[in-house]
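Structural characterization, general
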Amino acid sequence: MMWLFAILSVLLLGGVAVVAAGMGTPLAEEYDDRPDAAVPADRPIGPEDLRRVRFSVALRGYRMSEVDALLARLADEQAARAEARGATGEE
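About the criteria used
- Residues numbered from 1 in each chain as written.
- Predicted model: local features only at pLDDT ≥ 70, side-chain atom pairs only at ≥ 80, totals over all residues.
- Heavy atoms only, no water.
- Helix = DSSP H or I, 4+ residues; strand = E, 2+ residues; numbered from the N terminus.
- Buried < 20%, exposed > 50% of the residue type's maximum accessible area, 1.4 Å probe, protein only.
- Areas by Shrake-Rupley, 256 points an atom, 1.4 Å probe, with all protein chains shown as cover.
- 1 Å grid on protein atoms, 1.4 Å probe; cavity = no way out; pocket = protein on both sides within 12 Å on 5 of 7 lines; lining within 4 Å.
- Points joined across faces, edges and corners; volume = space filled by probe spheres on them.
- Nonpolar A, V, L, I, M, F, W, Y, C, P; charged D, E, K, R; others polar.
- Contact = heavy atoms within 4.5 Å.
- Salt bridge = Lys/Arg side-chain N within 4 Å of Asp/Glu carboxyl O.
- Patch = residues over 30% accessible without salt bridge, like charges linked within 9 Å, V, L, I, M, F, W, Y side chains within 5 Å.

Structural notes on the overall build of the protein chain
When you go through the protein chain residue by residue, the secondary structure sums to three helices and zero strands. Along the protein chain, from the amino end to the carboxyl end, the secondary structure elements read α-α-α. Per-residue burial over the protein chain gives 8% buried out of 91 residues. Total accessible area computed for the protein chain in this model is approximately 8,600 Å², and 62% of it derives from carbon and sulfur atoms.

So this is what it looks like as structure tokens:
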């Protein structure tokens, strides 16, 4: 009886090894479940787009406060440039 369990265990481990090596049926197709950054693709990115964007949280990723601070600074600089262009009449 013990030999039967030993043989079944070896067969089971062999089957797992074959599937893990990719020789069995393939796994389901992988898909990305993270949200997009939600920036417009059909027009230039504006200051309000930078203020609204949020990134997904990842293990060992960037500090959210640093990313938010940089996005806020970029949005302010972009708004100031747009305002300066509007005041001088440049396009």
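As for the layout of surface pockets
Considering only enclosed or pocket space, the largest pocket measures out at about 250 Å³ in volume. Around the largest pocket, the lining residues are Val53, Arg54, Phe55, Ser56, Val57, Ala58, Gly61, Tyr62, Arg63, Met64, Val67 and Asp68. By residue class, the composition of the lining of the largest pocket is seven nonpolar, two polar and three charged.

Details of the side chain of Asp49
Along the chain, Asp49 turns up in helix H2 (residues 47–52). Among the residues examined, Asp49 registers a relative accessible area of 5% and is labelled buried. Setting aside residues no more than four positions away along its own chain, Asp49 makes contact with Pro40, Arg43 and Pro44.

Observations regarding the pattern of salt bridges
Within the structure shown, the criterion is met by six salt bridges. Notably, a salt bridge pairs Arg63 with Glu66, separated by 3.8 Å at the nearest N-O pair. Accessibility expressed as a relative area gives 49% for Glu66, which makes it partly exposed. Glu77 is paired through a salt bridge with Arg73; the nearest N and O atoms lie 2.9 Å apart. One end of the pair is Glu77 and the other is Arg73, both in helix H3 (residues 64–88) and four residues apart, which spans about a single turn.

A look at a nonpolar patch on the surface
On the surface, Met1, Trp3, Leu4, Phe5, Ile7, Leu8 and Leu11 cluster together into a nonpolar patch covering about 880 Å² of accessible area. Following the sequence through the fold, Leu8 ends up in helix H1 (residues 2–20). For Leu8, a relative accessible area of 46% corresponds to the partly exposed category.

Structural notes on the environment of Leu71
The topology assignment puts Leu71 in helix H3. The spacing of Leu71 and Leu50 is 21 residues in sequence and 5.8 Å in space, taken between C-alpha atoms. For Leu71, the residues in contact, after removing those within four places along its chain, are Leu50, Val53 and Phe55.

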